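Working through the structure, step by step
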Amino acid sequence: MSEKKSIGFIGTGVMGKSMAAHLLKAGHSVHIYTRTREKAEELLSQGAEWKSTVAEVAQASQVVVTMVGYPSDVEEVYFGENGILENAAKGSYVMDMTTSSPRLAEKISSTAKELGLHALDAPVSGGDVGAREARLSIMAGGEKEDFEAVLPILQLMGQNIVYQGKAGAGQHTKMCNQIAIASGMIGVCEAIIYAEKAGLDPSTVLKSIESGAAGSWSLSNLAPRIIKGNFEPGFYVKHFIKDMKIALESAEEMGLLTPGLKLAKDLYEELAEIGEENSGTHALYKRLKQ
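This report concerns the structure included in the present document. Owing to the predicted nature of the structure, the values given are computational and were not obtained by experimental measurement. (Residues numbered from 1 in each chain as written. Predicted model: local features only at pLDDT ≥ 70, side-chain atom pairs only at ≥ 80, totals over all residues. Heavy atoms only, no water.)

Quick look at the packing of aromatic side chains
- The full count for this structure, using the stated rule, is five aromatic pairs.
- Between F235 and F240, the ring centres sit 6.2 Å apart and the planes meet at 70°, which makes this aromatic pair edge-to-face.
- What links up through ring pairs into an aromatic cluster is the set F235, F240 and Y268.
- One cation-aromatic arrangement involves K107 over F79; the distance from NZ or CZ to the ring centre is 4.6 Å. (Phe/Tyr/Trp six-rings, centres within 6.5 Å; stacked < 30°, edge-to-face > 60°. Lys NZ or Arg CZ within 6 Å of the ring centre and 35° of its normal.)

Digging into the packing of helix α13 (residues 237-253) against helix α14 (residues 259-276)
- Remark: α13 packs on α14, axes separated minimally by 10 Å, with the N-to-C direction vectors making an angle of 150°. Taken together, α13 and α14 sit at an angle that is classed as roughly antiparallel. Viewed along their axes, α13 and α14 form a crossing whose handedness is left-handed. Contact residues: α13 offers V237, F240, I241, M244, K245, A247 and L248, while α14 offers L261, K262, A264, K265, Y268, E269, L271, A272 and E276. (Axes fitted to C-alpha atoms, helices over the stretch in contact; angles between N-to-C directions. Helix = DSSP H or I, 4+ residues; strand = E, 2+ residues; numbered from the N terminus. Parallel < 35°, antiparallel > 145°, perpendicular 65-115°, else oblique. Left-handed = near helix turned anticlockwise from the far one by under 90°. Contact = heavy atoms within 4.5 Å.)

Overview of the pairing of strand β5 (residues 93-96)
- The two faces of β5 match: Y93 and M95 on one face and V94 and D96 on the other face are all buried.
- Across four bridges, the pairing between strand β4 (residues 63-66) and β5 is parallel. Across the sheet, residue V64 finds its bridge partner in β5, namely V94.
- Here four bridges tie β5 to strand β6 (residues 118-121), and the two strands are oriented parallel to one another. Looking across to β6, one finds that M95 is bridged to L120.
- Following the backbone out of β5, through helix α6 (residues 102-114) and into the adjacent parallel β6, one traces a crossover that is right-handed. (Buried < 20%, exposed > 50% of the residue type's maximum accessible area, 1.4 Å probe, protein only. Pairing = 2+ DSSP bridges. Right-handed = clockwise from strand over helix to strand, strands pointing away.)

Details of the pattern of salt bridges
- Tallied over the full model, the rule gives 18 salt bridges.
- With a shortest N-O distance of 3.5 Å, E42 and K17 are connected by a salt bridge. On the criterion of sequence distance, the pair formed by E42 in helix α2 (residues 41-45) and K17 in helix α1 (residues 16-25) is long-range, its members being 25 residues apart.
- According to the relative accessible area criterion, E42 is partly exposed, its value standing at 44%.
- The partly exposed category is assigned to K17, whose relative accessible area is 29%.
- Between K286 and E276 there is a salt bridge, with the nearest N and O atoms lying 3.2 Å from each other. Here K286, found in helix α15 (residues 284-288), pairs with E276, found in helix α14; they are 10 residues apart in sequence, far enough to count as distant. (Salt bridge = Lys/Arg side-chain N within 4 Å of Asp/Glu carboxyl O.)

Shown next as structure tokens:
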């Protein structure tokens, strides 16, 4: 897929907007739909074409990318009335980059095959910064040849792009990612609070610990935001809670014990209850400092 393609992009939120912009800049024709048109205005000014329904996007595109909020949204855009699967032309590629249910990814894949379509689940990690700088980690599931066909498109949005296996493998990998982040964010927030209580300058503490064994993406990218009091979302608390619920359900199905994940989910739900559901995940600091 090195030649220019007609690409549909559904969902232009915090991350989707930047991801679609990279496709535009590479010269692809991009057709977009999102529930709130205002969120798409910047892309429209850059040359994207607005479509008023999901069906219109699917009909106009050789590749359809979805980056929506919840598994229920994924289900709706793929299987709902006037959805992607019933409107995409045979031979088209559909690629869900939402963090969603592995089982739903498998369902999309099997239905797509019956309809002569190629489906991939390709969730991402890297937040708003990774999306803006085209440095996302992308974990893909589906047929290997389908992955190879869309790889040039994925390379416009990310850098660490890994094929993980059959349908659902991308979503399972993203669950591993979210499980690691969940407990890690507790540690990041606790470390900053400890530094403050000890009378230290948290920014100076970061200089010592972020490049050592404690180093992590969250520590380097989100701890500075906490220190500055900037809790704007790179990734919403409400969406992280959704991800943790999916991970817990999947873990329970496999008979796994994930106490760190459960604790993190409980704390984030308490954070949402005090009105922080639309803050960034690093707002967990506010709950732990209470």
